Amino acid sequence: MSAIALYRRSLGNFLDTMRIVKRRFATRPARYPEIAWPIWALAWALLTAAAFLSLDSAAGRMRGEWTPGFVHFTDFFTDFGLGGWYLIPAALCLVAANLTDWRRLSRQTRLLVYNWTCFAFLVLCAVGLSGLAVNLLKYGIGRARPLYFNDFGVLSLHPLAMDARFAGFPSGHATTMGAVFGVLLLLFPKRWHIALAVTACIASTRVFVGAHYPSDTVAGFGLGLAFAIVTGLVFARLGFIFRRPSSTRPAPKRTFRLLRSSGSKAKTSLARRSREQPSADRP
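If you're wondering where the values come from, they're calculated on a predicted model, not measured in any experiment.

A.B. asks: Tell me what's going on with the pattern of salt bridges, and back it up with residues and numbers.
C.D. replies: Tallied over the entire structure, the rule returns 6 salt bridges. Across the pair Arg19 and Asp16 runs a salt bridge whose closest N-O atoms are separated by 2.3 Å. Taken together, the positions of Arg19 and Asp16, both in helix 1 (residues 3-27) and 3 residues apart, correspond to about one turn of that helix. Relative accessible area serves as the criterion here: at 19%, Asp16 is assigned to the buried category. In this structure, Asp163 engages Arg165 in a salt bridge whose closest nitrogen and oxygen atoms are separated by 3.0 Å. Residue Asp163 is classed as partly exposed on the basis of its relative accessible area of 24%. Accessibility expressed as a relative area gives 33% for Arg165, which makes it partly exposed. Among the ionic contacts, a cluster of salt bridges with common partners joins Arg9, Asp101 and Arg104.

So, in structure tokens, the structure goes:
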């Protein structure tokens, strides 16, 4: 296939997707569940403040006192908080979907590719947008990191210093983990405790490697979680992955699967899919 034909296919897929999004925003009213955002924001702020008052000074004094083996262990796992682990695969998945000839796919394959495309877009929005927000905040606030506790203390602010030494609050790694937890919470609500344990542990490694105070990680985790929930609500309005929320959170559609179904389950899934979304609505 020539480069021009591939470009035209890619452009056509992108324009089709934009038309679907625009039409759904126009025809579907902004009906979102009544989430008590002020209460959650207050709880998040109080938890951050509690971590600051009770843990930050101790974390600053204990920096460098952890055993080398423990620091090496946490230093390995802290890298899983980097946004690239989630943004790069999601972006590559979207590029591949954009270059795909959807008309040549069978209905079952098209549904599978559609679900993966929506999932990649969900991850890209939740992790990417929260990452942009946390970078604006951390450089705007300019809190000194624990590495410089002896020089600057626990609360030294240098707004707009644009220096990595003063980019402690909130934690970017913890924000990524909060966004990942939010995505997993929406897609697999019955496994929320496992997702919380894993993501919170990875976020906490930022304290042990001396990069952030505990309050930095608490604030970042809550920020990422909030972005993931808001992204899920918007996706539910558009009919991507989630049903229109009727209670406190969007619930995944019964047709949302990332693995190929077989036998009668696949036929049932496709029948439900055809009722929930017109065949012309493809990404």
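Structure's up, so let's keep going.
A.B. asks: So what's going on with the packing of aromatic side chains? Residues and values would help.
C.D. replies: Evaluation of the coordinates by the stated rule reveals 14 aromatic pairs. Seen from their ring centres, Phe76 and Phe80 are 5.7 Å apart, and the 80° between their planes marks the pair as edge-to-face. Of the residues examined, Phe80 reaches a relative accessible area of 28% and is grouped as partly exposed. Linked through ring pairs, Phe73, Phe76, Phe77, Phe80 and Trp85 together constitute an aromatic cluster. Cation over ring: Arg165 sits above Tyr148, and NZ or CZ is 6.0 Å from the ring centre.

A.B. asks: Account for a nonpolar patch on the surface, naming residues and giving values.
C.D. replies: Side chains of Tyr7, Leu11, Phe14, Leu15 and Met18 sit close together on the surface and give an oily, nonpolar patch of about 480 Å² of accessible area. Position of Phe14 among the secondary structure elements: in helix 1. On the accessibility criterion, Phe14 (43% relative accessible area) is partly exposed.

A.B. asks: Account for the layout of surface pockets, with residues named and values stated.
C.D. replies: By volume, the largest pocket is sized at about 750 Å³. Surrounding the largest pocket, 22 residues form its lining, Trp40, Phe181, Leu185, Leu225 and Ile229 being those nearest its centre. At the level of secondary structure, the elements contributing two or more residues to the lining of the largest pocket comprise helix 2 (37-62), helix 7 (172-187), helix 8 (192-208) and helix 9 (214-238).

Definitions and cut-offs
- Residues numbered from 1 in each chain as written.
- Predicted model: local features only at pLDDT ≥ 70, side-chain atom pairs only at ≥ 80, totals over all residues.
- Heavy atoms only, no water.
- Salt bridge = Lys/Arg side-chain N within 4 Å of Asp/Glu carboxyl O.
- Helix = DSSP H or I, 4+ residues; strand = E, 2+ residues; numbered from the N terminus.
- Buried < 20%, exposed > 50% of the residue type's maximum accessible area, 1.4 Å probe, protein only.
- Phe/Tyr/Trp six-rings, centres within 6.5 Å; stacked < 30°, edge-to-face > 60°.
- Lys NZ or Arg CZ within 6 Å of the ring centre and 35° of its normal.
- Patch = residues over 30% accessible without salt bridge, like charges linked within 9 Å, V, L, I, M, F, W, Y side chains within 5 Å.
- Areas by Shrake-Rupley, 256 points an atom, 1.4 Å probe, with all protein chains shown as cover.
- 1 Å grid on protein atoms, 1.4 Å probe; cavity = no way out; pocket = protein on both sides within 12 Å on 5 of 7 lines; lining within 4 Å.
- Points joined across faces, edges and corners; volume = space filled by probe spheres on them.

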